[in-house]
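So you can see what is in the structure, the chains are spelled out below.
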Amino acid sequence: GAVVSQHPSRVICKSGTSVKIECRSLDFQATTMFWYRQFPKQSLMLMATSNEGSKATYEQGVEKDKFLINHASLTLSTLTVTSAHPEDSSFYICSATDDLNIQYFGAGTRLSVL
Amino acid sequence: GENVEQHPSTLSVQEGDSAVIKCTYSDSASNYFPWYKQELGKRPQLIIDIRSNVGEKKDQRIAVTLNKTAKHFSLHITETQPEDSAVYFCAASTGEYGNKLVFGAGTILRVKS
């Protein structure tokens, strides 16, 4: 299957700082990437759909100014958590869709905000 | 919008027994149904998927069945092994919006040896 790389795998930051997470499709081009948030022992909650060359589409209740998404190329999407606070601590996972419309997931980023 | 319900939330089976996880969906336009396996702290891995033009698909010990009329689909794992222990998520998609998926709540499967 296709490979999706996500970095960093873990980040610890101070409250008020911004954190950038990268998601790359390594062996395929992804017109669409997705960003999810996952709380312990819960399902994947879609935050936004990232489209190459256009603005991301955010799910209801997700602050677009808080979670900035950029999809600058067909292989890279970034999620920036701005002015992070302890309540933003979570597991963030990206995914990318290949040309068969199958979603492959990154390994996730565990964000801890102190 | 689409709503996917998944049952049971936890499932314990003895090694060698079968495990069945069921999901229902609400949007009759959904046409793609993947199943993902997620081990603790790791990425969800696609284990099998089915599209609405077939009723059953099998891959070794894993099978998925789809009933479009009733709008439900199920994952069947036979001859379970301890390494099958994980969280399993079903999902549904209409194929729109880049194949946006709506996930079920997940099932924790424990295989006891």
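To start, this report covers the structure provided alongside it. (Residues numbered from 1 in each chain as written. Chains lettered and ligands numbered in written order. Predicted model: local features only at pLDDT ≥ 70, side-chain atom pairs only at ≥ 80, totals over all residues. Heavy atoms only, no water.)

1. A few points about the sheet that holds strand 3 (residues 19-25) of chain A
Sheets are built from strands paired through backbone hydrogen bonds, the pairs being either parallel or antiparallel. Residue and element names in this part refer to chain A. As a reminder of what qualifies: In this description, strands pair whenever DSSP reports at least two bridges between them. For helices the rule is a DSSP run of H or I covering at least 4 residues; for strands it is a run of E covering at least 2, with both sets numbered from the N terminus onward. Orientation is described by lines fitted to C-alpha atoms, with helices fitted over the stretch in contact, and by angles between N-to-C directions that extend from 0 to 180 degrees.
Pairing is antiparallel in the open sheet, where four strands are placed in the order 1-3-8-7. Sheet topology places strand 1 (4-7) and strand 7 (67-73) at the edges, where each strand pairs with a single neighbour. Between one strand and the next, the sheet's axes are offset by a mean angle of 15°, whatever the strand orientation. Where strand 7 and strand 8 (residues 76-81) come together, five bridges link them in antiparallel fashion. When the bridges of strand 8 are listed, Asn70 appears paired with Thr78.

2. So, the packing of aromatic side chains
Where we set the bar: Pairs were defined over the aromatic rings of Phe, Tyr and Trp, the Trp ring being its six-membered one, requiring ring centres within 6.5 Å. Orientation was assigned from the angle between planes: stacked under 30 degrees, edge-to-face over 60, tilted for the rest.
Applying the stated rule across the entire model yields 13 aromatic pairs over all chains. Pairwise contacts between aromatic rings join A:Phe34, A:Tyr36, A:Phe105, B:Tyr36, B:Phe89 and B:Phe103 into one cluster.

3. As for the pattern of salt bridges
This is how it is decided: A carboxyl oxygen of Asp or Glu within 4 Å of a side-chain nitrogen of Lys or Arg is what we treat as a salt bridge. Only protein chains enter the calculation, and the probe is 1.4 Å; a residue is then buried if its accessible area is under 20% of its type maximum, exposed if over 50%, and partly exposed in between.
Counting across every chain of the model gives six salt bridges over all chains. Between A:Asp88 and A:Lys66 there is a salt bridge; the shortest N-O distance is 2.7 Å. Taken together, the residues A:Asp88 in the loop between strand 8 and strand 9 (90-97) and A:Lys66 in the loop between strand 6 (57-58) and strand 7 connect sequence positions 22 residues apart. Neither residue differs from the other here; A:Asp88 and A:Lys66 are each classed as buried. Residue B:Arg61 pairs with B:Asp84 through a salt bridge whose shortest N-O separation is 2.9 Å. In this pair, B:Arg61 is assigned in the loop between strand 6 (56-59) and strand 7 (62-67) and B:Asp84 in the loop between strand 8 (72-77) and strand 9 (86-92), connecting sequence segments 23 residues apart. Residue classification places B:Asp84 among the buried residues on the basis of a relative accessible area of 7%.

4. What to know about the layout of surface pockets
All names here are of chain B. Quick reminder of the rule: Any residue with an atom within 4 Å of a point lines the site, the site being either a cavity, points on a 1 Å grid over the protein atoms alone where a 1.4 Å probe fits but cannot get out, or a pocket, an open set with protein on both sides within 12 Å along at least 5 of 7 lines. Grid points are joined across faces, edges and corners, and a volume is the space filled by probe spheres set on the points. When residue character is reported, Ala, Val, Leu, Ile, Met, Phe, Trp, Tyr, Cys and Pro are called nonpolar, Asp, Glu, Lys and Arg charged, and the others, Gly included, polar.
Estimates place the volume of the largest pocket at around 520 Å³. The set of elements that each furnish at least two residues to the lining of the largest pocket consists of strand 9 and strand 11 (107-112). Its residues placed into classes, the lining of the largest pocket shows nine nonpolar, 10 polar and five charged. Estimates place the volume of the second largest pocket at around 160 Å³.

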